Amino acid sequence: MLILECPYCGVKGEETEFTGGGEAHLKRFGPGASDDDFHGYLFKRENPKGVHLERWRHTNGCGKWFHAARNTVTLEVYGTYPAQTTEPPKDIKDKISARVPGWSWREFS
Amino acid sequence: MSETRLMKRYSAFAVAKEALKYHMGWERAWASPEPKKKYDAIIIGAGGHGLATAYYLGKNHGIRNVAILEKGWLGGGNTGRNTTIIRSNYLQDASAAMYEKSRSLYETLSQDLNYNIMFSPRGVIMLAQTQHEVRGYERTAHANALQGVKTEFISPSRVKELCPIINLEGPRYPVLGGLWQARGGTARHDAVAWGYARACSAMGMDVIQKCEVSGIRTEGGKVTGVSTNKGDIACDKLGIVVAGHSGHLADMAGFRLPIESVALQALVSEPIKPCMDVVVMANTVHGYMSQSDKGEMVIGGGADGYNNYTQRGSFHHIEETVRALIETFPMISRLKMLRQWGGIVDMTGDRSPILSKTPVENVFINCGWGTGGFKAIPGSGWGFAELMAKGYSPLTAEFGLERFYEGRFIDESVAAGVAH
Ligand SMILES: Cc1cc2nc3c(=O)[nH]c(=O)nc-3n(C[C@H](O)[C@H](O)[C@H](O)COP(=O)(O)OP(=O)(O)OC[C@H]3O[C@@H](n4cnc5c(N)ncnc54)[C@H](O)[C@@H]3O)c2cc1C
Ligand SMILES: [Zn+2]
């Protein structure tokens, strides 16, 4: 069972309180972008076996969107952080490095 | 060239003969060789799709110097974890062609492989429990008629006749009808993997278990082989057929896929006397059920709402599924559930599979079957083998990776509405 903590209201809850929103930190490409960029943005996914950065929503709580750093194999959660960021904060990255030395996810490591 | 292996045929006569010898004379069903230095083709993943691909490479295209590499035990992935529903009542023409080819190959597969895969065309009903579903399935029935796939939209009383244990007047979603495919059914999942493996082994192919691929080696954009825990193995052509691990293997080859992996669950009850001789799927309330030959009620559950590789699944999905099924089949309310398990399914956005060339020359990928690829094993193997051997197959042509680039989806979200 997956347990997450909402970074806004500080409530810890099991997964039925939240809704998964897919891969985090996607760079959006719209009209005028190259076909490759647009295709990558819409369809190509990291889908990693291990460390993953995702969007979640505290649906049955404050209703806000946030980010989570999580392991897709062990379901360990390294931390959650607000939605208004383009990369995970340093303390969460350090925590991941301590648990999974040499990890990388897109341009982050 | 690889040597064919001499194997004794299974028959009623062989069973009688062995009975006289206290069944001590049965030989191993397939060989377990060490890998050779090089193969004409390597298939990664000994699930149903990988094994079927190898089988038709040998049988239809004469390519027999083939290895099938499996990190665990053969059939131990989704092929050995699914609820074995076989049907071909999809909406789009490309899907109907693929799934109907597959269903028809299943009809004679036991004879073709000399291995009893226990294909049971007992019939499949997909219940319509909302007006929206009624319209959706009527549309599918018309599409199927044009495609030459025999299905019909049936009345609630006909549903009750086919499945007397059903409750038509559920409190939330009464049964308004159903899409009936009389030629759909089930088969024994392990036997499908075992039968293909045995036939591949007999053709001289090497099925190598406990052999995990950890790298894909290329030279000038072209594949040269794979790295494994049993050493490097060279090949001219490579087929990646690893379901939930497709993204992981694509990463090794240096490309990304429009695929997300999630756990999908199933469960079975204690065995009871025969009470249901069709498969019933209830997409609106999200559950489906059939009865195995052992008497267990086989129940399919929901998929997790987030990426994971746990082969376990979240518990609340079981609760939701069982709740929905008790509404539909009140008599199961006192049944004890015996076992639960999960598999990692590879989901695409349009709920259709990918059978395709890749950015790496001579690397081919067969994935994206998601929650519904058991039914497709023979057809997928047939088409994918042709694609690998000849570079083109009419059966797989629409399922290339480029469909995402071109926005040419094969939308099966209705047909695949429930995990199946
Ligand atoms: C609970 C559940 C119920 C389902 N119900 C149905 C149903 O009723 N009807 C239906 O049609 N479909 C159903 N499906 C879907 C169906 O099971 C799959 O689509 C199908 O079995 C996929 O077969 P495959 O051969 O592609 O994959 P798999 O059988 O998963 O085989 C892939 C193999 O690749 C191996 N592998 C992975 N990585 C590596 C590596 N690095 N090196 C070597 N080997 C590797 C794995 O160990 C695995 O054995 C269900 C699935 C689940 C999980
Ligand atoms: Zn909150």
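Nothing here was measured: the structure is a model prediction, and the numbers come from that model. (Residues numbered from 1 in each chain as written. Chains lettered and ligands numbered in written order. Predicted model: local features only at pLDDT ≥ 70, side-chain atom pairs only at ≥ 80, totals over all residues. Heavy atoms only, no water.)

### A look at the overall build of chain A
For clarity, the cut-off: Helix and strand definitions follow DSSP, with helices as H or I runs of at least four residues and strands as E runs of at least two, each counted in order from the N terminus. Every radius of gyration here is taken over C-alpha atoms, with the globule rule written as 2.2 Å times N^0.38, N being the number of residues. We call a residue buried when its accessible area falls under 20% of the maximum for its residue type, exposed when it is over 50%, and partly exposed in between, using a 1.4 Å probe and counting protein chains only. Throughout, a contact is declared for two residues whenever any of their heavy atoms are within 4.5 Å. Values of accessible area rely on a 1.4 Å probe in the Shrake-Rupley scheme; residue burial ignores everything except the protein chains shown. We score Asp and Glu as negative and Lys and Arg as positive, and we do not count His or the chain ends. A single reference atom marks each charge: NZ on Lys, CZ on Arg, CG on Asp, CD on Glu.
Helices and strands together make up the secondary structure of chain A, namely two helices and six strands. Counted from the first residue to the last, chain A has its helices and strands arranged as β-β-β-α-β-β-β-α. Radius of gyration (C-alpha) of chain A: 14 Å, near the 13 Å computed for a compact globule of 109 residues. Based on the C-alpha atoms only, the size of chain A along its principal axes is roughly 40 × 35 × 25 Å. Sorting the 109 residues of chain A into buried and exposed places 38% on the buried side. Sequence-distant contacts in chain A: of pairs separated by 6 or more residues, those separated by 24 or more amount to 47%. Counting every atom, chain A has about 5600 Å² of accessible surface; 50% of that belongs to carbon and sulfur. Put simply, chain A has 15 plus and 15 minus side-chain charges, and the middle of one group is 1 Å from the middle of the other.

### Some words on the coordination of the zinc ion (ligand 2)
Each pair of donors in an ideal four-coordinate tetrahedral metal site encloses 109.5 degrees, whereas pairs in an ideal six-coordinate octahedral site enclose 90 or 180 degrees. Residues and elements named next belong to chain A. The condition that has to hold: Excluding water, the donors of a metal are its N, O and S neighbours within 2.8 Å, or within 3.2 Å for Na, K and Ca, and that exclusion means sites may look incomplete. Only four donors with every angle between 85 and 135 degrees are called tetrahedral; only four or six donors with opposite donors over 155 degrees apart and all others between 65 and 115 are called square planar or octahedral, in that order; all others are irregular.
The coordination sphere of the zinc ion (ligand 2), as far as protein atoms go, consists of Cys6 (SG), Cys9 (SG), His58 (ND1) and Cys62 (SG), spread over 2.0 to 2.3 Å. Classification of the site at the zinc ion (ligand 2) rests on its four donor atoms, whose angles at the metal span 100 to 122°, yielding the label tetrahedral. For the zinc ion (ligand 2), the donor residues sit on a single chain with the sequence spacing C-x2-C-x48-H-x3-C. With a relative accessible area of 1%, histidine 58 lands in the buried category.

### Some points on the sheet that holds strand S6 (residues 77-82) of chain A
All names here are of chain A. Note the threshold: Should DSSP find at least two bridges between two strands, the strands are regarded as paired. Each axis is a line fitted through C-alpha atoms, taken for helices only over the stretch in contact, and angles between the N-to-C directions span 0 to 180 degrees.
Across the sheet, which stays open at both edges, the four strands sit in the order S3-S4-S5-S6 with antiparallel pairing between neighbours. Looking at strand neighbours, the two that pair on one side only are strand S3 (19-23) and S6, the edges of this open sheet. Along the sheet, successive strands turn relative to each other by an average axial angle of 30°, direction set aside. Here strand S5 (residues 65-71) pairs with S6 via five bridges, running antiparallel. Opposite arginine 70, over in S6, you have valine 77 as the bridge partner. Packing against the sheet, helix H2 (residues 90-99) makes contact with strand S4 (51-57), S5 and S6, and its axis sits at approximately 170° to S6.

### Examining helix H9 (residues 315-328) of chain B
Residue and element names in this part refer to chain B. Selection criterion: Here a helix's expected span is defined as the number of its residues, less one, multiplied by 1.5 Å.
Between the first and last C-alpha of H9 there are 21 Å, a value that for 14 residues agrees with the 20 Å anticipated at 1.5 Å per step. Within H9 the residues assigned to the buried category are His316, His317, Ile318, Thr321, Ala324, Leu325, Glu327 and Thr328. Next to the buried residues of H9 lie strand S4 (124-128), strand S12 (259-269), strand S14 (287-291), strand S15 (297-303) and strand S16 (337-348).

### A few points about the domain arrangement of chain B
When the parts of a complex come together, some accessible area is lost, and that lost area is often taken as the interface size. Residue and element names in this part refer to chain B. Heads up, the condition is: Start and end positions for the domains come from either an automated domain assignment or a database one. When two parts are put together, the accessible area they lose, computed with a 1.4 Å probe and summed over both, is reported as buried area.
Along its sequence, chain B is organised into domain 1 (12-84 + 194-258 + 352-416) and domain 2 (112-188 + 260-348). Placing a centre on the C-alpha atoms of domain 1 and another on those of domain 2 gives a separation of 27 Å. Counting residues at the interface gives 27 residues for domain 1 and 29 residues for domain 2. Carbon and sulfur atoms make up 56% of the area that domain 1 and domain 2 hide from each other, which totals about 2200 Å².

### Quick word on the interface of chain A and chain B
To keep things clear, this is the line we draw: The salt bridge definition used is simple: a Lys or Arg side-chain nitrogen within 4 Å of an Asp or Glu carboxyl oxygen. Side-chain atoms alone can form a polar contact between residues adjacent in sequence; in general such a contact is a pair of N or O atoms within 3.5 Å, and within protein one must be able to donate a hydrogen while the other accepts it. Nonpolar residues are Ala, Val, Leu, Ile, Met, Phe, Trp, Tyr, Cys and Pro. Charged residues are Asp, Glu, Lys and Arg, and all others, Gly as well, are polar.
Taken together, the contacts link 23 residues of chain A with 22 residues of chain B. When the two sides are added together, the surface that chain A and chain B hide from each other amounts to roughly 2100 Å², 52% of it contributed by carbon and sulfur. Looking only at chain A, the three residues that lose the most surface to chain B are A:Phe43, A:Asn47 and A:Lys49, adding up to 32% of its buried area. Summed over the shared surface of chain A and chain B, the number is two salt bridges. Taken together, the connections running from chain A to chain B amount to 13 residue pairs in polar contact (both at pLDDT 80 or more). Contributing elements (two or more residues each) for the side of chain A that touches chain B: S3, helix H1 (35-42) and S4 of chain A. Looking at the side of chain A that touches chain B residue by residue, the class counts come to six nonpolar, six polar and eleven charged.

### Focus: the pairing of strand S13 (residues 279-282) of chain B
The two faces of the sheet receive side chains in turn, since in a regular strand these alternate between them. All names here are of chain B. A two-sided burial pattern is seen for S13, the buried positions comprising Val279 and Met281 on one face and Val280 and Ala282 on the other. Bridge count between S4 and S13: four bridges; the pairing is parallel. Paired with methionine 126 across the bridge in S13 is methionine 281. In this structure, S13 lies alongside S14, joined through three bridges in antiparallel fashion. By the bridge assignment, alanine 282 is partnered in S14 with glycine 287. Counting the residues in the hairpin turn of S13 and S14 gives four residues, including histidine 286, whose phi is positive at 65°.

### So, the nonpolar core
One recurring pattern in soluble globular proteins is that nonpolar side chains are buried together. To be explicit about the condition: We define the nonpolar core as a collection of buried residues of types Ala, Val, Leu, Ile, Met, Phe, Trp, Tyr and Cys that are connected through side-chain atoms lying within 4.5 Å of one another.
Core analysis: the largest hydrophobic core is formed by 51 residues, its most contacted members being B:Leu51, B:Ile68, B:Tyr106 and B:Tyr196. Of all the secondary structure elements, the ones that give two or more residues to this core are strand S1 (38-44), helix H2 (48-61), strand S2 (66-69), helix H3 (93-107), helix H4 (109-113), helix H7 (189-202) and helix H10 (377-390) of chain B. The element contributing the most residues to this core is H7(B), with seven residues. By size, the runner-up hydrophobic cluster in this structure holds 30 residues, among which are A:Phe43, B:Val242, B:Phe255 and B:Val360.

### Observations regarding the packing of H2(B) against H10(B)
Residue and element names in this part refer to chain B. Test applied: An angle below 35 degrees is treated as roughly parallel, one above 145 as roughly antiparallel, one from 65 to 115 as roughly perpendicular, and anything else as oblique. In this scheme the crossing of two helices becomes right-handed for a clockwise turn of the near helix relative to the far one and left-handed for an anticlockwise turn of less than a right angle.
Relative to each other, H2 and H10 sit at 55°, their axes nearing to 7 Å. Accordingly, the angle class assigned to the pair H2 and H10 is oblique. As H2 packs across H10, the resulting crossing turns out to be right-handed. Between H2, through Gly48, His49, Ala52, Thr53, Tyr56, Leu57, Asn60 and His61, and H10, the contact on the second element is made entirely by Ile377, Pro378, Ser380, Gly381, Trp382, Phe384, Ala385, Glu386, Met388, Ala389 and Lys390. Looking at the contact of H2 with H10 residue by residue, the classes come out as ten nonpolar, seven polar and two charged.

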